[in-house]
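Report on the structure
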4 protein chains.
Amino acid sequence: MKILFTSDYCEGAAPEIIDRLVKTNMDQTIGYGEDEVSARARELIKKECGREDVDVHFLVGGTQTNTTVITSVLKPYQGVLCAASGHINQHETGAIEHGGHKVLALPPTLGKITAKQIDEYIQEHYANPDQVHIVQPGMVYISFSTELGTIYTLAELRDISTVCRRHNVPLFVDGARLGYGLMSESCDVTLRDLAQLVDIFYIGGTKQGALFGEAVVITADRLKKDFRYCIKQGGGMLAKGRLLGLQFETLFTDGLYWKLARHADVQAARIKEAFARKGYDFLIDSPTNQQFPILSAEQRKVFGEKFLFEIWQPLEGGRAGVRFCTSWATKPENVDILVKFIEEN
Amino acid sequence: MKILFTSDYCEGAAPEIIDRLVKTNMDQTIGYGEDEVSARARELIKKECGREDVDVHFLVGGTQTNTTVITSVLKPYQGVLCAASGHINQHETGAIEHGGHKVLALPPTLGKITAKQIDEYIQEHYANPDQVHIVQPGMVYISFSTELGTIYTLAELRDISTVCRRHNVPLFVDGARLGYGLMSESCDVTLRDLAQLVDIFYIGGTKQGALFGEAVVITADRLKKDFRYCIKQGGGMLAKGRLLGLQFETLFTDGLYWKLARHADVQAARIKEAFARKGYDFLIDSPTNQQFPILSAEQRKVFGEKFLFEIWQPLEGGRAGVRFCTSWATKPENVDILVKFIEEN
Amino acid sequence: MKILFTSDYCEGAAPEIIDRLVKTNMDQTIGYGEDEVSARARELIKKECGREDVDVHFLVGGTQTNTTVITSVLKPYQGVLCAASGHINQHETGAIEHGGHKVLALPPTLGKITAKQIDEYIQEHYANPDQVHIVQPGMVYISFSTELGTIYTLAELRDISTVCRRHNVPLFVDGARLGYGLMSESCDVTLRDLAQLVDIFYIGGTKQGALFGEAVVITADRLKKDFRYCIKQGGGMLAKGRLLGLQFETLFTDGLYWKLARHADVQAARIKEAFARKGYDFLIDSPTNQQFPILSAEQRKVFGEKFLFEIWQPLEGGRAGVRFCTSWATKPENVDILVKFIEEN
Amino acid sequence: MKILFTSDYCEGAAPEIIDRLVKTNMDQTIGYGEDEVSARARELIKKECGREDVDVHFLVGGTQTNTTVITSVLKPYQGVLCAASGHINQHETGAIEHGGHKVLALPPTLGKITAKQIDEYIQEHYANPDQVHIVQPGMVYISFSTELGTIYTLAELRDISTVCRRHNVPLFVDGARLGYGLMSESCDVTLRDLAQLVDIFYIGGTKQGALFGEAVVITADRLKKDFRYCIKQGGGMLAKGRLLGLQFETLFTDGLYWKLARHADVQAARIKEAFARKGYDFLIDSPTNQQFPILSAEQRKVFGEKFLFEIWQPLEGGRAGVRFCTSWATKPENVDILVKFIEEN
């Protein structure tokens, strides 16, 4: 049996969640997120954000959440600015376009875009006398941590937020891996910072200890109205909404969410160090739960006999950047095996 | 604490499912439904359908499934024929229209539409010299059991299927409550019949013993291609696809799905008989898990102190048709209490 | 050669327009409606509306205009209230749904809907605890004159406007046949009334003396922003925008638009009276340029040898309501022939 | 009065078209392109294409035509491959995305893409094990001549066609400037070649002598069905369809279309040579009616006092590539003035 490092959604859920599921299984609740469990989870998240005046909604999965949020914000002739490497531009089968909107891809640096890029794009748009022939930039999407495991610094985030607010363009953070980002040793951003700087974002559950689920936090008043219509229309309103509430209530009790995220980052760092010690190159220097060492074809074969991982980016000479992904569920003993294997190969 | 008869999604999942969840929680599997658990579940469903040549896919919820299926089938200028009371026409916040398609509503009889209505609509369309100015009927949607608890007879279903095939218009069955329909004492249709007569349908999990999940069965070859692209784009592809496989594998082991459905129908029949014995009128004569007795305002108040149920349709003189809904999870002792209450009030 | 009474778009354009086209053909202008001719036409229309503070835009055709306006106004989860007989519900191949929105059809009386219907629909929506599962009514569409030739009275229009404003739901008037409505002898509404009571409407050119073209008037400030983006995206922005400006400039010089419309109504009245004198029944009592006498199969055959007209609605016993349509271009001598024919048959 | 070289849609239409308009203005015809004039125009175009077995449809404008064609071809999860500089990617306000589809932009060389790029993109897509998470390439869009005035050679076009057919991906040619391309001295492609190599294309009228209008030619049988539904839904079905027929009938009588196109190319060549003789650099070497000399800020000011032209691409040091555009309507005496001006400045 091979050990999987292919993704952060290989296992089920944190045992605390499973326990709660078992214990409450036959409880009767009303549907669609209007139950008391969901209400409590919302309160916990507001507290964690340090703001009472935000709206919190629970959806099932990431693609759905991105589509629902973006559709709810944009006007028909608007598009969303995004790193070309962004998830909505690459791996959602055109869900944003299916919803009617162009993804306006900017060239990323280490998976990130800058306030300057955003500012220039928007300024150029409005300086163009033919602007009505061109998709209007209507919001900005960034992911935290990014698809390449990198994270924005507080300074970078502040600059982006400032530019967005100056242009009155909402800023949206895809937080499918929010915990892994915020818990990174290199991270100087907190959830409370996000809740101040960002107009709408989500706290990922699927990849971070829940069976499934993403918690959308809306901080900007003008984006709050009628969001539940959008959830329902987008197919993201779970009939048994209690299940989402239960998971997030559990995750935000006693700091479980943060502990699980920290665990993944620590295990990833061990893998990173092992590869680095042996002199492997990396595609990118990632401080979170995704690590991208570069392996030769021969090395991939050798490692592939014991471990599963993803080929991320083919390089010349048969080499390729691969991804080793840890998660809340990664067993330290499996990382021991991998580290030993790296040392010996 | 009031007893809920408001819907068939008040509780969690069948204990057998919860058990499996607990036992397999830390198993590692690849994502997006390509795992072995999902593969086994697909095989079980094919067997149950009596056909090896069907495709089976798992999605998370009903609105999402309806949208994904309909979007995958229709061309941009086509619409879907549907009873005006159909779920896609009434309770999905215009998800079908958001996907670009008109719902072509036909006047229903007891929640159902007929082969004759479908045939005439299609014939009239193609007889119209201005047809290109009008939405082309591109598929037929029926629900089984319907939103009003009624079911199609085998003869009715055969006629509809025949008309659809003559016009080369795919027939889609929304089976959110498929089990409750098929297990009704009045039902002369089997799953195998469906798998022969229908081009695409789904076996509802959410309302029938799963935490969530719907199993789409595609019998028509021309509808199979690239369906997984549609699932992903529509936000219905669960990262931890194993969870869907696990639930359907459990439901279709040892006939669990059918037992759970039968249980709900039996409990609903007890409620129906109790109301009938006391002389209550009904909105509709339903043979499945939804019952629609008519209560006065005063009666609703009295019952409402002990039980929760839905106001379905306001009638004159303050009366209203209400819905009592049973499910796989309905405790017989709670029905005892309700029956006794009916007898005494 | 048969005489056509099939529609109000059988001929080219008012000779005054053709003259201007010829004289200005080689003039050079910039594109997309930013030329001076279009600017002058906009000023003339504002004057005619009695309001300087409206925005005026020119589009090519009716379906496009309806789609562009509705798409620009509605949020993704909103639909448009409309008579079931409305053009957007019947004859635009689902263009509104293709744009993502449900048409919320109300049962019409003589092609019209009432303030009361609108009010009740909106109130019921917001009274429904499950409202987020249902398409939200986001605007109201009426046609003036209607698809059946009828017109709203000033009182009716005022009531509808009042209801719409109370609910903050924009009111949109499809004026493809606006002139024919406003110039009817029975009409007590003026263009200035419309410009006060309605949030967005259009003045039809295609059916009323132009080669093509519709002039959208936006009176509500909140609907004005970025409308030109919507026109471009919807394919309604004519490269040689001058052509639209030229036509509307001509139509609104020396009251040409009103003379042309009045002409059609007068000729239609002659046809109506001739049929009435001979005791024909009518589908509907229309005071504008469309007349709907009821003819037997035999009569249709006899008339059909000399005239072309549309079968509007088949009735029992082989009878059918047919449509005789006059226009700005209808030659009085052709109506003489028809009137004589009616008298003799 | 400045002389306009800003675009190829500054003037009205070829005098022959205006004459026909005047003479036939009061002719009565049925609507929506089902008249005899349109029928004759279709026959002329088929002849010109050397194929009787193609379908020909008339639409009003370019954006509308691109959207209608692409929407009619693609499935919801498919996108269209296109040069990043392509019109649908740059200047149609996201109309393709509004219709639900991603534009898959390829890096162009001189405004063109290659068979190799297309082949590799498609191969990589289907080689990707995660392909269902990615937009499927469903058709190829190229423009002829391109937005930069360049043209594909017959060899290039053959290669692209071969690749598209091997992958069963339809090839679409945007021919808004088709005549200017085909009539270029450098061009070795004929309309008959196109009609053999391409699955669907259009012959531009708006920029090439008509008041407005584009003629879509469908050569691939599988793309023909129900195209008129798509035209109507997309708002491109002109009520007075005769106007489109009349224009294309005139353009394809006595080779008028080709003469007009040739005229523009000749005048453009004169401008090009004049700039070249004076040692101006060019953004690109264009053999058609668009020329892109590079002017300093000072030069732009000087030229701008007498001529209007477009700033195409700002360059460093205040220089910019500008566009001088000729058309069927460009007066040789105006080009004389420009050439003289170039020589003297």
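Values in this document were obtained by computation on a predicted structure and should not be read as measured data.

Before going further, it helps to examine the packing of helix α2 (residues 36-49) of chain A against helix α11 (residues 242-251) of chain A. Residues and elements named next belong to chain A. At their nearest, the axes of α2 and α11 sit 7 Å apart, and the two run at 35° to each other. With respect to the hand of their crossing, α2 and α11 are arranged in left-handed fashion. Across the interface between the two elements, Val37, Ser38, Arg40, Ala41, Leu44 and Ile45 from α2 touch Arg242, Gly245, Leu246, Phe248 and Glu249 from α11. In terms of residue class, the contact of α2 with α11 is made up of six nonpolar, two polar and three charged.

What follows concerns the confidence of the model for chain A. Per-residue confidence for chain A gives a mean pLDDT of 97, with 100% of residues at or over 70. For this predicted complex, the interface confidence reaches an ipTM of 0.96, while the overall pTM sits at 0.97.

Another point: the interface of chain B and chain A. Contact residues are listed per partner, giving 45 residues for chain B and 45 residues for chain A. Both faces considered, chain B and chain A share a buried interface measuring about 4100 Å² in area, 59% of it formed by carbon and sulfur atoms. Among the residues chain B hides against chain A, the three largest losses belong to Gln28, Gln233 and Lys240 of chain B. Together they make up 18% of the total. For the interface between chain B and chain A, the tally reads 27 residue pairs in polar contact (both at pLDDT 80 or more). For the side of chain B that touches chain A, the secondary structure elements donating two or more residues are β1 (3-4), α1 (15-24), α3 (62-73), α5 (95-98), α10 (227-233) and α11 (242-251) of chain B.

A separate point is the sheet that holds strand β3 (residues 78-83) of chain D. Residue and element names in this part refer to chain D. A sheet is described by the order of its strands in space; here seven strands give the open sequence β2-β8-β7-β6-β5-β3-β4, paired in mixed fashion. The open sheet terminates on both sides in strands that have one partner only, identified here as β2 (55-59) and β4 (103-106). Within this sheet the neighbouring strands show an average axis-to-axis angle of 25°, counted without direction. Bridge count between β2 and strand β8 (residues 214-218): five bridges; the pairing is antiparallel. Each bridged residue has a counterpart across the sheet, and for His57 the counterpart in β8 is Val216. Sheet strands touched by helix α3 (residues 62-73): β2, β3, β5 (136-143), β6 (171-174), β7 (200-204) and β8. Its angle to β5, the strand with the most contacts, is close to 150°.

Once that is clear, we can look at the sheet that holds strand β7 (residues 200-204) of chain B. Strand-to-strand pairing in sheets goes through backbone hydrogen bonds, with the strands running parallel or antiparallel. All names here are of chain B. Here seven strands make up an open sheet; going across it, the order is β2-β8-β7-β6-β5-β3-β4 and the pairing mixed. Either end of the sheet is taken by a strand with one partner, and the two such strands are β2 (55-59) and β4 (103-106). Direction aside, neighbouring strands of the sheet carry axes that sit 25° apart on average. α11 contacts β2, β7 and β8 (214-218) of the sheet and is inclined by roughly 115° relative to β2.

As a further point, take the packing of aromatic side chains. How two aromatic rings sit relative to each other is set out by the distance from centre to centre and by the angle between their planes. Under the definition given, this model contains 80 aromatic pairs over all chains. On the basis of an interplanar angle of 65° and a centroid distance of 5.3 Å, the ring pair of Phe292 of chain B and Trp312 of chain B is categorised as edge-to-face. With Phe292 of chain B in the loop between β9 (290-291) and β10 (294-295) and Trp312 of chain B in strand β12 (residues 310-314), this pair connects stretches of sequence that are 20 residues apart. Here Trp312 of chain B falls in the partly exposed class, since its relative accessible area comes to 28%. Centre to centre, the rings of Phe212 of chain C and Phe212 of chain D are 4.8 Å apart; their planes meet at 70°, and the pair counts as edge-to-face. In this pair, Phe212 of chain C is assigned in the loop between β7 (200-204) and β8 (214-218) and Phe212 of chain D in the loop between β7 and β8, connecting two distinct chains. What links up through ring pairs into an aromatic cluster is the set Phe5, Phe275, Tyr280, Phe303, Phe307, Phe309, Phe324 and Phe341 of chain A. Seen from the ring of Tyr152 of chain C, Lys112 of chain C lies directly overhead, with NZ or CZ sitting 5.5 Å from the centre.

A word on the interface of chain C and chain D. Reports of interface size often rely on the accessible area that becomes lost once the parts have come together. Across the boundary between the two partners, chain C contributes 45 residues, which contact 45 residues of chain D. Its largest share of buried area at the contact with chain D, chain C owes to Gln28, Gln233 and Lys240 of chain C, together 18% of the area lost on that side. Our count for the chain C to chain D interface comes out at zero salt bridges. Here chain C and chain D share 26 residue pairs in polar contact (both at pLDDT 80 or more) between them. If you list the elements that add at least two residues to the side of chain C that touches chain D, you get β1 (3-4), α1 (15-24), α3 (62-73), α5 (95-98), α10 (227-233) and α11 (242-251) of chain C.

Residue and element names in this part refer to chain A. Tracing the backbone shows Leu178 in helix α8 (residues 178-182). Separated by 102 residues in sequence, Leu178 and Tyr280 place their C-alpha atoms 27 Å apart. In this structure Leu178 touches Phe144, Leu191, Leu194, Phe201, Tyr202, Ile203, Gln208 and Tyr257, once residues within four positions along its chain are discounted.

Time to look at the relation of the copies chain C and chain D. In this structure, two copies of a chain are linked by a rotation about an axis accompanied by a shift along it. Rotating chain C by 180° and moving it 0.0 Å along the rotation axis overlays it on chain D with an RMSD of 0.0 Å. Put plainly, the chains are arranged around a two-fold axis. Looking at the interface residues of chain C, 100% of them are also at the interface in chain D, so both copies use one shared face.

All names here are of chain C. Tracing the chain through its elements places Gln208 in the loop between β7 and β8. On the accessibility criterion, Gln208 (1% relative accessible area) is buried. Ignoring anything within four residues of it in the chain, the contact list for Gln208 reads Ala176, Arg177, Leu178, Gly179, Tyr180, Leu251, Tyr257, Leu260 and Trp328. Of note is the side chain of Gln208, whose polar atom sits 3.2 Å from the backbone nitrogen of Tyr180.

Taken as a whole and judged by the stated rule, the model has zero disulfides over all chains. Cys187 of chain B takes part in no disulfide bond, and the closest cysteine sulfur to it belongs to Cys49 of chain B, at a distance of 15 Å. Cys82 of chain C provides the cysteine sulfur closest to Cys164 of chain C, a residue in no disulfide bond, and the two sulfurs are 13 Å apart.

Calculation rules
- The residue numbering used here restarts from 1 in each chain and proceeds along that chain's sequence as written.
- As a convention, the first chain written is A and the first ligand written is 1, with the rest following in written order.
- Per-residue local features of the predicted model are confined to residues with pLDDT of at least 70, and side-chain atom pairs are confined, for both listing and counting, to 80 or more; whole-chain, interface and lining totals are unaffected and use all residues.
- Note that the side-chain values use all heavy atoms of the structure and ignore hydrogens as well as water.
- For every element, the axis is a line fit to its C-alpha atoms; helices are fit only across the contacting stretch, and the angle between N-to-C directions ranges from 0 to 180 degrees.
- Helical segments are the DSSP runs of H or I of at least four residues, strand segments are the runs of E of at least two, and each set is numbered from the N terminus.
- Each helix crossing is assigned a hand: it is left-handed if the near helix lies turned anticlockwise from the far helix by less than a right angle, otherwise right-handed if that turn is clockwise.
- Whether two residues are in contact is decided by their heavy atoms, any of which lying within 4.5 Å being enough.
- In this classification, the charged set is Asp, Glu, Lys and Arg, the nonpolar set is Ala, Val, Leu, Ile, Met, Phe, Trp, Tyr, Cys and Pro, and all remaining amino acids, among them Gly, are polar.
- For every residue, the predictor states its confidence as a pLDDT score lying anywhere from 0 to 100.
- Summed over both partners, the accessible area (1.4 Å probe) lost when two parts come together is defined as the buried area.
- Any pair of N or O atoms that falls within 3.5 Å is considered a polar contact. Within protein, one atom must be able to donate a hydrogen and the other to accept it, and sequence-neighbouring residues count only if both atoms are side-chain atoms.
- In this description, strands pair whenever DSSP reports at least two bridges between them.
- Here the aromatic set is Phe, Tyr and Trp, taking the six-membered ring for Trp, and pairing holds for ring centres within 6.5 Å; pairs whose planes are under 30 degrees apart are stacked, those over 60 apart are edge-to-face, and all others are tilted.
- A simple rule labels every residue: compare its accessible area, found with a 1.4 Å probe on the protein chains alone, to the largest value its type can have, and call it buried under 20%, exposed over 50%, or partly exposed in between.
- Placement of a charge over a ring requires the Lys NZ or Arg CZ to be within 6 Å of the ring centre, with the centre-to-atom vector within 35 degrees of the ring normal.
- Salt bridge criterion: a side-chain nitrogen from Lys or Arg within 4 Å of a carboxyl oxygen from Asp or Glu.
- The copies are overlaid by a least-squares fit using only the C-alpha atoms of residues whose pLDDT is at least 70 in both copies.
- Any pair of cysteine sulfurs within 2.5 Å is marked as a disulfide.

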